[in-house]
Amino acid sequence: MVDVTEKEMDNPTFKSDTVLSDVHLHCPNKRHLMVRLNAVGQPVFLSYFKLLWNTEDLASEKHVREATTEKENQYRSGDELCDKDRNNAKKEREINSEGIEALLDDDGDLDVVRRPRSASDLEVEDLLRDRVYPVILMKGKEDAFEDEEQKCTCNNVVKIEHTMATPLEDVGKQVWRAAFLLADFILFKRETFRCCSVLELGGGTGITSIIMGTVAKRVYCTDVGEDLLAMCEQNVALNKHLMEPGRGEVKVKELDWLKDKFCTDPEAPYSWSEEEIADLHDHCTVIMAADVFYDDDLTEALFRTLYRITHNLRNSCTVYLALEKRLNFTLRHMDVTCEAYSHFRNTLNDLENLQDRKMKYTVEPIKLDFCQFLVYERIEQL
């Protein structure tokens, strides 16, 4: 444990390649506990993600989110909103209703709408939603963390260790919206995945594999990097209480898309045994991946890996891919674009049109009208 003063946390310094995950901003967790520093010195936090199993929970969480959003978009001077806030709220509504075009001003320049400064002073404790400030465990406070862990062993809480800011190459250590979306679909279609053998590509923190482990027979959660895989394995251990006895085995394994073979070196951590590779090829019927399409080279490597694995499966297989379309203004196009998504779609079309005597790939979109079981912002770009 390390001592970190509140003052230091108020003025964080980010480098130019720092990637921030905003998914925890939309989760009214009890708190975000910094539990340790990982092998590369990044702060690791523990968050509690509540599963909503009934309509009363959903209605309650929806009311909290709507009330919080309404307060964050305005601040009061007496009983009247100031003109500046009305304009900001109007612009935000335009962005939500008109999409990309609303991001541009009259001259065609990118128009960034910012929240009023005084919004940070809002009192939201009465809304049952904590402010998103990390709680730092000081020396001698380990017992408090253990007490918190003991309270959260019920079947409606997922506990995930993750980071909140990383360089681009470590984004797997964060939690992303598309992982929640795929987890929602798994919970909605529980009977579809019951007793299946499943492979996840780019599992990251493991949250989607953990949710899949509540219904499937066996899940191979794969990624690359010993530090990330250790975090994923820790998260699997933290959520054993969600697995049914005798089922829900989640195995954390290394799978590098830039290599043509499984890692079978017995000296390497998270390597595959010959029995596990045979089990995957003989029984796997579901492959899934969430928010792994952000780099063109990695996207192509993933599809090559996908082809190689499905080509060796004994049974037909369904692949579920979830992602968020991220809009960016690029100097090359002088416009708001989504290049990573466009490259993903092109590569997916190439796979579907592939002429292979043994394999046939069919692509079908899934409507996002299924129930929401986790608290996050299900935006249009998912």
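Read on for a plain summary of the structure. All figures in this text were calculated on a predicted structure; none of them were measured in a lab.

This next bit is on the overall build of the protein. Within the protein one finds eleven helices and 15 strands. Counting over 382 residues, the protein shows a buried share of 44%. Here the contacts in the protein between residues at least 6 apart in sequence split such that 71% fall between residues at least 24 apart. As displayed, the protein has an accessible area near 21,400 Å², and 48% of this comes from carbon and sulfur atoms.

With that settled, the discussion passes to the pattern of salt bridges. For side chains of opposite charge, pairing can occur when their charged atoms come near one another. Here the structure, examined in full by the defined rule, presents 15 salt bridges. In this structure, Arg-36 and Glu-161 form a salt bridge, with 3.0 Å as the shortest nitrogen-oxygen distance. Of this pair, Arg-36 sits in strand β2 (residues 32-37) while Glu-161 sits in strand β7 (residues 157-162), and the two are 125 residues apart along the sequence. We classify Arg-36 as partly exposed; its relative accessible area is 30%.

On to the nonpolar core. Core analysis: the largest hydrophobic core is formed by 44 residues, its most contacted members being Val-158, Ile-186, Phe-193, Val-198 and Met-212. Within the residue set of this core, elements represented by two or more residues are β7, α5 (177-188), α7 (207-212), β10 (218-223), α8 (226-238), β11 (249-254), β12 (284-290) and β13 (318-322). With nine residues, α5 is the single largest residue contributor to this core. In this structure Phe-193 touches Phe-185, Ile-186, Met-212, Val-215, Ala-216, Val-286 and Tyr-320, once residues within four positions along its chain are discounted.

The next thing to look at is helix α11 (residues 339-352). Along its 14 residues, α11 runs 20 Å from first to last C-alpha, staying within 8% of the 20 Å computed at 1.5 Å per residue. Turning to α11, its buried residues are His-343, Phe-344, Thr-347, Leu-348 and Leu-351. Projected onto a plane normal to the axis of α11, the buried residues spread over an arc of 135° and lie on a single side.

If you walk across this open sheet you meet the five strands as β11-β10-β9-β12-β13, and the pairing is parallel. Here the strands that pair on one side only, and so sit at the sheet edges, are β11 and β13. Between one strand axis and the next, the sheet turns through 20° on average, direction left out of account. As paired elements, strand β9 (residues 197-200) and β12 share four bridges and run parallel to each other. Across the sheet, residue Val-198 finds its bridge partner in β12, namely Val-286. The sheet contacts of α8 involve β10 and β11, and relative to β11 the element is tilted by about 175°. Along the sheet, helix α10 (residues 296-311) contacts β9, β12 and β13; its crossing angle with β12, the most-contacted strand, is approximately 170°.

Although it is not a glycine, Tyr-270 adopts a positive phi angle of roughly 65°. Its place among the elements puts Tyr-270 in the loop between β11 and α9 (274-283). Of note, Asp-291 is a non-glycine position whose phi angle comes to about 55°, a positive value. Positionally, Asp-291 belongs in the loop between β12 and α10. Looking at Asp-291, the relative accessible area reads 13%, which means it is buried.

The subject of this paragraph is the packing of aromatic side chains. In total, this model carries 14 aromatic pairs according to the counting rule given. Considering the side-chain rings of Phe-293 and Phe-344, the 4.4 Å spacing of their centres and the 45° angle between planes classify their relative orientation as tilted. Separated by 51 residues along the polypeptide, Phe-293 in the loop between β12 and α10 and Phe-344 in helix α11 bring together distant segments of the chain. Each member of the pair, Phe-293 as well as Phe-344, carries the same accessibility label: buried. Among the aromatic residues, ring-to-ring pairing joins Phe-185, Phe-188, Phe-193, Tyr-320 and Phe-370 into one connected group.

Thresholds, definitions, all that
- Residues numbered from 1 in each chain as written.
- Predicted model: local features only at pLDDT ≥ 70, side-chain atom pairs only at ≥ 80, totals over all residues.
- Heavy atoms only, no water.
- Helix = DSSP H or I, 4+ residues; strand = E, 2+ residues; numbered from the N terminus.
- Buried < 20%, exposed > 50% of the residue type's maximum accessible area, 1.4 Å probe, protein only.
- Contact = heavy atoms within 4.5 Å.
- Areas by Shrake-Rupley, 256 points an atom, 1.4 Å probe, with all protein chains shown as cover.
- Salt bridge = Lys/Arg side-chain N within 4 Å of Asp/Glu carboxyl O.
- Core = buried A, V, L, I, M, F, W, Y, C linked by side-chain atoms within 4.5 Å.
- Expected span 1.5 Å × (residues − 1).
- Arc of directions from axis to C-beta.
- Pairing = 2+ DSSP bridges.
- Axes fitted to C-alpha atoms, helices over the stretch in contact; angles between N-to-C directions.
- Phe/Tyr/Trp six-rings, centres within 6.5 Å; stacked < 30°, edge-to-face > 60°.

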